[in-house]
Number of protein chains: 2
Amino acid sequence: AKTFANRGMSLEEDLNITNLYYRNEELAFIYKKPTPIKVVKMQYLLKKSIIKEGYFEMPSTTDYNGLYNGKYIDFDAKETNSKTSFPLSNIHIHQINHLKNICKHKGIGFIIVRFNLLNMTYLLLGEQLFSFIDNYKRASIPLAYFKEYGYLIPYNYLKRCDYLKVIKDLEGIKYEKENK
Amino acid sequence: AKTFANRGMSLEEDLNITNLYYRNEELAFIYKKPTPIKVVKMQYLLKKSIIKEGYFEMPSTTDYNGLYNGKYIDFDAKETNSKTSFPLSNIHIHQINHLKNICKHKGIGFIIVRFNLLNMTYLLLGEQLFSFIDNYKRASIPLAYFKEYGYLIPYNYLKRCDYLKVIKDLEGIKYEKENK
């Protein structure tokens, strides 16, 4: 049932539901940023203003950010229909640079990649993403790389894409290491 | 000269310049969120898509957030032409609730209020904002309250609204207290 439960829901919808769950439970306050729009023409009526001409603009950062237990969280989420790899052309260079800045300045930066046809969603930390880009000079990240260096994100009905579970476990590991 | 230097620049423009400075100097990565827009009608052309009907929506959070030295920063910025007080009607209840959540979960949440005609810009931490709302039952926050519980934000040419200076000093104070 688990394999089929997710059919038809986009990763964005799953993340919206998950983030809403996190907020309602007061676990985290993470939002998708609105798409930036360049407004060219407006019409002003008595009680409302209507955008009559506008264009979608390229976002300068990632799509999601927020707060989790005092920590700054920042990520982008992408889907692919490939069964074997994730094309890096899906992420813009300025988004990668943004994530680099976030990781360098002690934020938690990562990407979430869903392999639609495999129904598997991975979290890949910024460090592993940059490491791949720097070392492999390839146009796409193989699924095997996600399996080795990424983390499979658990699915459940309330938390469709429970990425904080992964972060929580990782922070736990770090915490242990620091205190050894 | 300082009093006049700022004339004609809106608080939003000053914050854009300041945040850009912070990013270029790698001090902080704080952005204004795009205004959410509900798109009702699109026109699809060969090389571009045009929004033909859209409406501005109410933002569900504050306007600014980001990362400063591992810390999550979140604030809203408002201007007033009053010389004596800041009308609370300028901030929506869901924005106040959002800031409450941020402060409760160890983020740094605040508001920035510029008194245009006095050319003074204050930072008021969430705690002091909530405390005023809970204790005074008034429709506006008097300037005297900002003077007593807020922090005057320094102005300079590169950092038009150097609010991180205030945060840095406050974090320094906290750090000292914790280590005494």
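Located above this text is the structure these notes cover.
Being a predicted model, the structure only gives us computed values, none of them experimental. (Residues numbered from 1 in each chain as written. Chains lettered and ligands numbered in written order. Predicted model: local features only at pLDDT ≥ 70, side-chain atom pairs only at ≥ 80, totals over all residues. Heavy atoms only, no water.)

Q: An account of the interface of chain B and chain A is requested, with residue identities and associated values reported.
A: Contacts between the two partners involve 33 residues from chain B and, on the opposite side, 33 residues from chain A. Among the residues of chain B in contact with chain A, B:Ile51, B:Leu67 and B:His105 are the three that bury the most area, contributing 19% of the side total. Counting across the chain B and chain A interface gives 2 salt bridges. With a closest N to O distance of 2.8 Å, A:Lys104 and B:Glu26 form a salt bridge. Run the count over chain B and chain A and you get 11 residue pairs in polar contact (both at pLDDT 80 or more). (Contact = heavy atoms within 4.5 Å. Buried area = accessible area lost by both parts, 1.4 Å probe. Salt bridge = Lys/Arg side-chain N within 4 Å of Asp/Glu carboxyl O. Polar contact = N/O pair within 3.5 Å; in protein donor to acceptor, adjacent residues only side chain to side chain.)

Q: Quick one: what's the story with the side chain of A:Thr18, residue by residue and with numbers?
A: Residue and element names in this part refer to chain A. Within the secondary structure, Thr 18 sits in helix α2 (residues 11–24). Here Arg 160 takes part through its backbone nitrogen, which lies 3.2 Å from a polar atom of the side chain of Thr 18. Here Cys 161 takes part through its backbone nitrogen, which lies 3.0 Å from a polar atom of the side chain of Thr 18. Among all residues touching Thr 18, those that are not within four sequence positions of it are Leu 158, Lys 159, Arg 160, Cys 161, Asp 162 and Tyr 163. (Helix = DSSP H or I, 4+ residues; strand = E, 2+ residues; numbered from the N terminus.)

Q: Before we move on, can you summarise the relation of the copies chain B and chain A with the specific residues and values?
A: When chain B is brought onto chain A, the operation consists of a screw motion whose angular component is 180° and whose axial shift is 0.0 Å, with 0.0 Å RMSD remaining. The transformation relating the two chain copies, once decomposed into turn and shift, fits a two-fold axis. Here 100% of the contact residues of chain B are again contact residues in chain A; the copies associate through an equivalent surface. (Least-squares fit on C-alpha atoms with pLDDT ≥ 70 in both.)

Q: Can you explain the pattern of salt bridges? Please cite residues and give values.
A: Residues and elements named next belong to chain B. Enumeration over the complete set of coordinates arrives at 10 salt bridges over all chains. Between Asp 162 and Lys 159 there is a salt bridge; the shortest N-O distance is 3.8 Å. Between Lys 165 and Asp 169 there is a salt bridge, with the nearest N and O atoms lying 2.8 Å from each other. Remark: Asp 169 and Lys 165 occur in helix α6 (residues 163–178); sequence separation between them is 4 residues, near one turn of the helix. The exposure class assigned to Lys 165 is partly exposed, which follows from its relative accessible area of 39%. (Buried < 20%, exposed > 50% of the residue type's maximum accessible area, 1.4 Å probe, protein only.)

Q: How would you sum up the packing of helix α3 (residues 93–104) of chain B against helix α4 (residues 126–136) of chain B? Please name residues and give values.
A: All names here are of chain B. Running from amino to carboxyl end, α3 crosses α4 at an angle of 130°, the nearest separation of the two axes being 10 Å. Taken together, the axes of α3 and α4 are oblique relative to one another. In this structure, α3 meets α4 at a crossing whose hand is left-handed. Between α3 and α4, the contacting residues are Ile 96, Leu 99, Lys 100 and Cys 103 on the first element and Gly 126, Glu 127, Leu 129, Phe 130, Ile 133 and Asp 134 on the second. Across the contact of α3 with α4, the residue classes tally to 6 nonpolar, 1 polar and 3 charged. (Axes fitted to C-alpha atoms, helices over the stretch in contact; angles between N-to-C directions. Parallel < 35°, antiparallel > 145°, perpendicular 65-115°, else oblique. Left-handed = near helix turned anticlockwise from the far one by under 90°. Nonpolar A, V, L, I, M, F, W, Y, C, P; charged D, E, K, R; others polar.)

Q: Got a sec to walk through the side chain of A:Glu53? Specific residues and values, please.
A: Secondary-structure assignment places A:Glu53 in strand β3 (residues 49–56). Buried charge without a partner: A:Glu53 forms no salt bridge, and the closest opposite charge is A:Lys41, 4.4 Å away. (Lys, Arg positive; Asp, Glu negative; His and termini not counted.)

Q: Outline the environment of B:Met42, listing residues and values.
A: Here B:Met42 lies in strand β2 (residues 37–44). A relative accessible area of 23% means that B:Met42 is categorised as partly exposed. Expressed as a C-alpha distance, the spacing of B:Met42 and B:Tyr31, which sit 11 residues apart in the sequence, is 28 Å. The contacts of B:Met42, once residues within four sequence positions are left out, are A:Phe56, B:Ser49, B:Ile50, B:Ile51 and B:Lys52.

Q: Could you give an account of the state of the cysteines, with specific residues and numbers?
A: Residues and elements named next belong to chain B. Overall, the coordinates contain 0 disulfides over all chains when judged by the stated rule. This cysteine, Cys 103, is not joined by any disulfide, and Cys 161 carries the nearest cysteine sulfur, 18 Å off. Classification of Cys 103 by relative accessible area gives buried; the value is 15%. (Disulfide = S-S within 2.5 Å.)

Q: Could you give an account of α4(B), naming the residues involved and the relevant values?
A: Residues and elements named next belong to chain B. If you check which residues of α4 are buried, you get Gly 126, Leu 129, Phe 130 and Phe 132. Down the axis of α4, the buried set is contained in an arc of 155°. They therefore lie on one face. The elements touched by buried residues of α4 are α3, β7 (108–115), β8 (120–125), β9 (140–142) and α5 (143–149). Phi for Lys 137, located one or two positions after α4, is positive at around 50°. (Arc of directions from axis to C-beta.)

Q: Tell me about the sheet that holds strand β5 (residues 71–80) of chain B, and please be specific about residues and values.
A: All names here are of chain B. Strand order in the open sheet formed by 6 strands is β1-β4-β5-β7-β8-β10, with mixed pairing between adjacent strands. Edge positions in the sheet fall to β1 (29–32) and β10 (151–152), since each of these pairs with one other strand and no more. Summarising the sheet, β1 and strand β4 (residues 64–68) pair through 4 bridges and their orientation is antiparallel. Bridge pairing in β4 links Tyr 31 to Asn 65. (Pairing = 2+ DSSP bridges.)

Q: How would you explain the sheet that holds strand β5 (residues 71–80) of chain A if you had to name every residue and give the values?
A: The strands that make up a sheet pair up through hydrogen bonds in the backbone, lying either parallel or antiparallel. Residue and element names in this part refer to chain A. If you walk across this open sheet you meet the 6 strands as β1-β4-β5-β7-β8-β10, and the pairing is mixed. One side of each edge strand has no neighbouring strand; the edge strands of this open sheet are β1 (29–32) and β10 (151–152). Here 6 bridges tie strand β7 (residues 108–115) to strand β8 (residues 120–125), and the two strands are oriented antiparallel to one another. Bridging across to β8, Val 113 finds its partner in Tyr 122.

Q: Just give me the short version of the pairing of β5(A), but keep the residues and values in it.
A: Residues and elements named next belong to chain A. Most of β5 sits out of view: 8 of its 10 residues are buried. Once strand β4 (residues 64–68) ends, the chain turns through 2 residues before running back antiparallel as β5, passing Asn 69 with a positive phi of about 55°. Pairing analysis gives 8 bridges linking β5 to β7, with the strands arranged parallel. Following the sheet pairing, Phe 75 is matched in β7 by Phe 110.

Nothing here speaks to function; it is all geometry.
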